[in-house]
Amino acid sequence: MTNGPVVVGTDGSDHATRAVRWAVGEAVARGQILRMVYATATHGAVYLSPEDVRAIDGMAADVLDEAAALVHGLAPELRVTAHVCEGAQRNVCWMKPVPAP
C-alpha cells in the first residue's frame with residue numbers, strides 16, 4: 001500500500017473524466033482515498049465581477065459533484081474528497097490533510 005491519497009484534477013472535459021476513471025482504479029488498488037481538485041484563478045482578477053467569481057466557483061463545484069457521482073458509481077466503497085482550489089492555493093491544495101472517516 002502506498003501512503004497518501006491519489007490526487008486527480010478535473011475540469012469536466014472528456015480527458016479529465018478519463019483521468020478520474022483511472023484515478024479511481026489507482027485509489028482502489030492502493031487502498032487510498034481519492035482527492036479530486038478543480039483549480040481556478042478567479043479571485044482577485046480585476047476583469048471579473050464578484051458575480052462572475054461566484055458563477056465560476058459554482059460551476060467548479062458542479063463539475064466536482066458530477067465527478068464524485070461517477071466515482072461512487074464505479075467504486076461505492078471508495079472515500080472521496082473534492083476541493084475547488086483557487087490561485088495560490090493550487091500549489092498546495094492536494095496536500096490538505098485527509099479528514100478522518
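Look a little higher up for the structure.
Residues numbered from 1 in each chain as written. Predicted model: local features only at pLDDT ≥ 70, side-chain atom pairs only at ≥ 80, totals over all residues. Heavy atoms only, no water.

**Thoughts on the pairing of strand β2 (residues 34-40)**
- Of all the seven residues making up β2, six are buried; the element is thus mostly covered by neighbouring parts of the structure.
- By the bridge criterion, four bridges tie strand β1 (residues 6-9) to β2 in an arrangement that is parallel. Paired with Gly-9 across the bridge in β2 is Val-37.
- Note on the crossover from β1 through helix α1 (residues 14-30) to β2: the handedness is right-handed.
- Here seven bridges tie β2 to strand β3 (residues 80-86), and the two strands are oriented parallel to one another. Note on β3: the bridge partner recorded for Tyr-38 is Val-84. (Buried < 20%, exposed > 50% of the residue type's maximum accessible area, 1.4 Å probe, protein only. Helix = DSSP H or I, 4+ residues; strand = E, 2+ residues; numbered from the N terminus. Pairing = 2+ DSSP bridges. Right-handed = clockwise from strand over helix to strand, strands pointing away.)

**Some words on the sheet that holds β3**
- Spatial ordering of the open sheet is given by β1-β2-β3, a layout of three strands whose pairing is parallel. Two strands close off the open sheet at either side, each with one partner strand: β1 and β3. Each neighbouring strand pair of the sheet contributes to a mean axis angle of 25°, computed without reference to strand direction.
- Sitting on the sheet, helix α2 (residues 50-74) is in contact with β2 and β3, with an inclination near 160° to β2. (Axes fitted to C-alpha atoms, helices over the stretch in contact; angles between N-to-C directions. Contact = heavy atoms within 4.5 Å.)

**A short note on the side chain of Thr-81**
- You can see Thr-81 is positioned in strand β3.
- By relative accessible area, which is 12% here, Thr-81 ends up buried.
- Reaching out from Thr-81, the side chain makes a polar contact with the side chain of His-83 at a distance of 3.3 Å. (Polar contact = N/O pair within 3.5 Å; in protein donor to acceptor, adjacent residues only side chain to side chain.)

**Remarks on α1**
- Taking 1.5 Å of rise per residue, the 17 residues of α1 would be expected to cover 24 Å, and the 24 Å separating its terminal C-alpha atoms lies within 8% of that figure.
- The complete set of buried residues in α1 reads Ala-16, Val-20, Ala-23, Val-24 and Ala-27. What you see down the axis of α1 is that its buried residues fit within an arc of 110°, all on one side. Residues of α1 that are exposed and point over 90 degrees away from its buried face: Asp-14, His-15, Trp-22 and Ala-29.
- On its buried face, α1 sits against β1, β2 and α2. (Expected span 1.5 Å × (residues − 1). Arc of directions from axis to C-beta.)

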